[in-house]
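So the chains spell out like this:
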Amino acid sequence: MIAPPPSGPVPYPKDFSLRLLADMLRIRRLEERCAQDYGAGLIRGFLHLYIGEEAVAVGALHALEPEDNVVATYREHGHALVRGLSMDSILAEMYGKREGCSRGRGGSMHLFDARTRLFGGNAIVGGGLPLAVGLALADSMTKTARVTACFFGDGAVAEGAFHESMNLAALWRLPVLFCCENNLYAMGTSLARSESQTSLTAKAASYNMPAEAVDGQDVVAVHEATKRAQANVREGGGPVFLEFQTYRFRAHSMFDAELYRDKQEVEQWKTRGPIHTFSARLKAEGKLTEEEFLALDREVGAEVGRAAAFAARGTWEPVEDLARDVHAVQEAP
Amino acid sequence: MTRLTYREAMRQALREALASDPRVFIMGEDVGLYGGTYAVTKGLLQEFGPERVRDAPLSELAFVGAGIGAALGGMRPIVEVMTVNFSLLALDQIVNTAALLRHMSGGQFGVPLVIRMATGAGRQVAAQHSHSLENWYAHVPGLKVLAPGTVADARDMLAPALADPDPVILFEHANLYNLEEDVPDERNPDMTRAAVRREGSAVSLVTYGGSLPKTMEAAATLAAEGIDAEVLDLRSLRPLDTDAILASVRKCRRVVVVDEGWRTGSLAAEIIARIAEEALYDLDAPPARVCSEEVPMPYAKHLEDAALPQPGKIIAAAKATLGK
Amino acid sequence: MIDFKLPSLGADMDEGKLLEWKVHPGEPVTRGQVVAIVDTAKAAVEVECWQEGTMHEQLVPVGETVPVGTVLALLLAPGEVAPAPGTREKAPAIAKKATPAAAPARAPATPAATPAARKAVSPVARRRAKELGIDPEALDGTGPQGAVTLEDVERAAGAHAPAGAPPAPAQRPDIRQAIAAAMGRSKREIPHYYLAETIPMRRALEWLAAQNAKRPVTERILPGVLQLKAVALALAKAPELNGFWQDGAFVPGGGVHIGVAISLRQGGLIAPGIHDVDRKDLATLMNELTMLVSRARAGSLRSSELSDPTITVTNLGDQGSEAVYGVIYPPQVALVGFGRLATRPWVEDGELRAIPLVTASLSADHRVSDGMRGARFLVALRERLQHPEEL
């Protein structure tokens, strides 16, 4: 049984509310465009879409500071966008063009940006957690008041890296904000089929770490919980674990026939879609009209169109540059 | 000139690094209170405190990954993985993150991390504690791999490794820690060039790390029999100093590569491939190698000795290239 | 009209089988609507259409397998009117993977004469031996497996310095004898006449350089190959130079099979043949020439290779003299010689220029041809080499 859609007043002024809505819509339309471009052969390899989970990246990242560190997974287009990468550079990266944020070397799963302190784009499940612990360790040792937000899925909870990292972060009281995006499935394996203990907050608590479960479809709940948690972490209270309960409306990646879940379940979760439920609440409070919504959507559509054109115009790195960026200084092995 | 053990030399290098750069810290299992499994870090906790000399739980994957993250975050960590055998638990972080990050991010991020590992066999510690997997790491673009085989190199190679903006793995053969040698006062700042440890002309013996003393011993015995062998210490395994290898091979026209890794897919195989590619027409005999036998390391001493490269095998291989 | 193509739905998808149409002609299509179900290697997948419109024509029937990118259907764009019914080519169904025709079995290599088992010589010894003009396989080896080493070669070179050349290896004695007999007979029996012609080679060399620039180093063509082909084609003007003197009469050759004079390391010349030179392209000729030379020097020719040629060409190369007036190999009736290719003064359009020249000579059997015929051949040869692109 699915809970009713997120409801209730939105405790933000109109412009911030529209900012949240706009960012969710930008993610949604970008991801749809990616799906389309993948079908057309412009994006290749693996593509993991964030459709349905927008409230998590938007709500959480808007609660962080620009100087904070963000570590994410291969399902990170939304995080990259909200963090501040341009749609141009994201789409160009996915097309493999030099103008992409990783010079076309990474692709969909490896979006990196030094300016906004986005440390990937990591494709090994659980691989980002030790990295986040290390970044937090550096901040702790240099007494830099900064939060390292580490996003990972429910699948990562099964990996040794999760347990080792949680333990180390708690043991050394490191400023890590562990953000688990629990969409109930690790590729094709549901949480129930992979975890003896399906309460993720109970697991986190066993590492002597504060832990909270949040409705990941409600951008307000996500934002509020993250605001509270990051304040704790930033003030030296040690790591915090947040579980965002969410759902992906599309397959794990392109070309996944979704044989492992019920179409009905998907439809039920769609009634809790983050975008339409949030816009409904805003409309109910008079903070948004239908015309404003359509105008916003058109604007977002135009941004997507411009990004696609930018990516299409992009250039290919010359093959002669193949061996660059293996080392800081190129040399023969 | 000072007389030092390999262990003391490495400790001196670590101390100097900790003292001169506040970004440097050591992290690993039992590096602090225990004084280090091989006593390399003994006394450093007392001198620099628990923030700079950190004891980590038995979580290779996490603390190597944390080392990567700390390096990304501006520190200069020296992560000690107790032995190469346990590094397998951290292989994902080393290969999939440390080695790849610069390239995957289009040059935005580098990982200035140093990982030190003990390696090798010979103390009857049996199959799971006796690997020589330097070649696995030397296989991966994005990593640099060093094998100090002398006391001077144990003292001198850490500084350039720390200064390098990319991940560097330092392999210390466990049998070398007690090695005692005279070391010059001047430091060698280079970590990429091979070094001729003994000049010769009849046959080139190319080796590294823990096999260096055995190779020198073999060369001494050969000299007594009138065979003047050259010994080339590789020092750096990735990148390989191909120019030095070829120069030695062209001079001697015969070569034996001594490598403690298992023969198949060994680093010796890579070296011989390069020799065949670039110096085939300078050879007077097929290139030869002395490696470990294809067997997990046995516990019983006589079997372990038979499995590993030994001076006797090196001498025989050298003579064979001369048709003797 | 909007093309609805089968999209790529995954990294390893190349084709799909249409299982079901979800929208039929006349029905509207909204953005993101599932239009068809396609079966792939992994599972049946719903295919969405990202454009608005009206389904107009389904081009691929249910059950057919098509490659990614195939136009599955045509949609009318919003506001568009359906055109008059016409035919449109259907997407080709994937042909069943044709079994590639088995490559024609290579003609079994003509069994070469078995040379003696090759002796082990180290690479550096072999290289040094070549420099010294010593045959390393004749030496005793002191290296591993009895291989000849650099020292062995240098020792041998030192020992034999003033005295005669090191013992020649066993060359097939019958070939040596055959050559000696043939040359003696030739001079005794054949009334030779000699003609020469200086041939400008600039155009040929420039053309060749341009051709070679496009080729990998291992496939570059030597000027000697141009000369061979030119000779072969020029013989059309003087067929009495191509054939044999047998039983008191001229027998024309069955084709243009040119013997190529090859010098042997241990001294002496041998001239095995390349068949049908007039019919082969330059790359093939280069390849055959290279193989012929190495087999000749390895001593693995058959005596019939020496008896097939219908004419012989000898080319002294860079180290040769300006011209060569050779001895005809009986029972052939002509020999074409090429001297050294060198830059010499030449008058062109009334002006003195320095251009690459080669002197071609003809030694011919006066029983079969005379100067007029011979000259006609040389003129034709010269002309051929002025039009290298036609070779």
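It should be noted that the structure appears before, not after, this text.
What counts and how
- Residues numbered from 1 in each chain as written.
- Chains lettered and ligands numbered in written order.
- Predicted model: local features only at pLDDT ≥ 70, side-chain atom pairs only at ≥ 80, totals over all residues.
- Heavy atoms only, no water.
- Helix = DSSP H or I, 4+ residues; strand = E, 2+ residues; numbered from the N terminus.
- Buried < 20%, exposed > 50% of the residue type's maximum accessible area, 1.4 Å probe, protein only.
- Contact = heavy atoms within 4.5 Å.
- Areas by Shrake-Rupley, 256 points an atom, 1.4 Å probe, with all protein chains shown as cover.
- Pairing = 2+ DSSP bridges.
- Polar contact = N/O pair within 3.5 Å; in protein donor to acceptor, adjacent residues only side chain to side chain.
- Salt bridge = Lys/Arg side-chain N within 4 Å of Asp/Glu carboxyl O.
- Phe/Tyr/Trp six-rings, centres within 6.5 Å; stacked < 30°, edge-to-face > 60°.
- Lys NZ or Arg CZ within 6 Å of the ring centre and 35° of its normal.
- Buried area = accessible area lost by both parts, 1.4 Å probe.
- Nonpolar A, V, L, I, M, F, W, Y, C, P; charged D, E, K, R; others polar.

## Overview of the overall build of chain A
In terms of helices and strands, chain A carries 12 helices and eight strands. In chain A, buried positions account for 58% of the 333 residues. Of the contacts made within chain A by residues no fewer than 6 positions apart, 74% connect residues no fewer than 24 positions apart. Of the accessible surface of chain A, which amounts to about 12,600 Å², a share of 54% is contributed by carbon and sulfur atoms.

## Some thoughts on the environment of L171 of chain A
Residue and element names in this part refer to chain A. Mapped onto the elements of the fold, L171 is located in helix α6 (residues 160–171). Residue L171 is classed as exposed on the basis of its relative accessible area of 52%. Along the chain, L171 and P239 lie 68 residues apart, while their C-alpha atoms are 9.5 Å from each other.

## Some details on the sheet that holds strand β8 (residues 71–76) of chain C
Residue and element names in this part refer to chain C. Taken in spatial order, the four strands make up an open sheet running β1-β8-β6-β3, and their pairing is antiparallel. Whereas interior strands pair on both sides, the edge strands pair on one side only; in this sheet they are β1 (2–5) and β3 (28–29). The pairing of strand β6 (residues 53–58) with β8 spans four bridges and is antiparallel. Across the sheet, residue M55 finds its bridge partner in β8, namely L75.

## Points about the side chain of T246 of chain A
Residues and elements named next belong to chain A. Looking at the element boundaries, T246 is found in the loop between β8 (240–245) and α10 (263–270). On the basis of relative accessibility, which here comes to 1%, the residue T246 falls in the buried class. Within the structure, the side chain of T246 is placed 2.6 Å from the side chain of Q217, a separation counted as a polar contact. Not counting residues up to four positions away in its chain, the partners in contact with T246 are G52, E53, V56, E181, N182, N183, G216, Q217 and W269.

## As for the pattern of salt bridges
When the charged atoms of two side chains lie near each other, side chains of opposite charge can form a pair. Residues and elements named next belong to chain B. In this structure the tally under the stated criterion is 65 salt bridges over all chains. When the shortest N-O distance is used, the salt bridge between K144 and D164 registers 2.7 Å. Residue K144 is found in strand β6 (residues 144–146), and its partner D164 is found in the loop between α9 (158–163) and β7 (168–173); the two are separated by 20 residues along the sequence. In this structure, K144 and D164 share a single accessibility class: buried. By sharing partners, the salt bridges in this structure join D153, D190, R197, D233 and R235 into a single network.

## Describing the packing of aromatic side chains
Under the defined criterion, the tally for this structure stands at 14 aromatic pairs over all chains. Plain terms: the ring middles of Y137 of chain B and F171 of chain B are 5.9 Å apart, the flat faces sit at 50° to each other, and that makes the pair tilted. Of the two residues, Y137 of chain B is situated in helix α7 (residues 134–138) and F171 of chain B in strand β7; the sequence distance between them amounts to 34 residues. As far as burial versus exposure is concerned, Y137 of chain B and F171 of chain B are alike and both buried. Considering the side-chain rings of Y194 of chain C and Y325 of chain C, the 6.1 Å spacing of their centres and the 85° angle between planes classify their relative orientation as edge-to-face. A residue pair is termed long-range when its members are at least 10 positions apart, and Y194 of chain C in strand β9 (residues 192–200) and Y325 of chain C in the loop between β16 (311–315) and β17 (334–338) qualify at 131 residues. You can call Y194 of chain C partly exposed: its relative accessible area is 36%. Since its relative accessible area comes to 47%, Y325 of chain C is described here as partly exposed. One aromatic cluster in this structure is built from F152, F162, F178 and F241 of chain A. When the ring centre of W172 of chain A is taken as origin, the NZ or CZ atom of R54 of chain B, which lies over that ring, is 4.6 Å away.

## Let's talk about the interface of chain C and chain A
With 15 residues of chain C at the contact, the number on the chain A side is 13 residues. When chain C packs against chain A, the two sides together hide about 1,200 Å² of surface, and 59% of this comes from carbon and sulfur. Across the pair R250 of chain A and E48 of chain C runs a salt bridge, and its minimum N-O distance is 3.2 Å. Here chain C and chain A share three residue pairs in polar contact (both at pLDDT 80 or more) between them. When the residues that make up the side of chain C that touches chain A are grouped by side-chain class, the tally is seven nonpolar, three polar and five charged.

## A few points about the environment of T40 of chain C
Following the sequence through the fold, T40 of chain C ends up in the loop between β4 (33–39) and β5 (44–49). Owing to a relative accessible area of 9%, T40 of chain C belongs among the buried residues under this scheme. In sequence terms T40 of chain C and M13 of chain C are 27 residues apart; their C-alpha atoms lie 7.3 Å from each other. With residues near it in sequence (within four places) discarded, T40 of chain C still touches F255 of chain A together with M13 and V45 of chain C.

## Overview of the interface of chain A and chain B
Accessible area lost upon the coming together of the parts serves often as the stated size of an interface. With 38 residues of chain A at the interface, the matching set in chain B holds 43 residues. Together chain A and chain B conceal approximately 3,400 Å² of surface at their shared face, both sides included; 66% is due to carbon and sulfur atoms. Seen at the junction of chain A and chain B, the total is zero salt bridges. One can count 13 residue pairs in polar contact (both at pLDDT 80 or more) joining chain A with chain B.

## Considerations on unusual backbone geometry
Residues R238 of chain B and P239 of chain B are joined by a peptide bond in cis, for which omega reads 0°. Topologically, P239 of chain B is positioned in the loop between β12 (236–238) and α11 (242–252). The step from P330 of chain C to P331 of chain C runs through a cis peptide bond, and the omega angle for that step is 5°. Inspection of the secondary structure puts P331 of chain C in the loop between β16 and β17. At E258 of chain A, a position not held by glycine, the phi torsion is positive, near 55°. Residue position: E258 of chain A is located in the loop between β8 and α10. What makes E258 of chain A partly exposed here is its relative accessible area of 23%.

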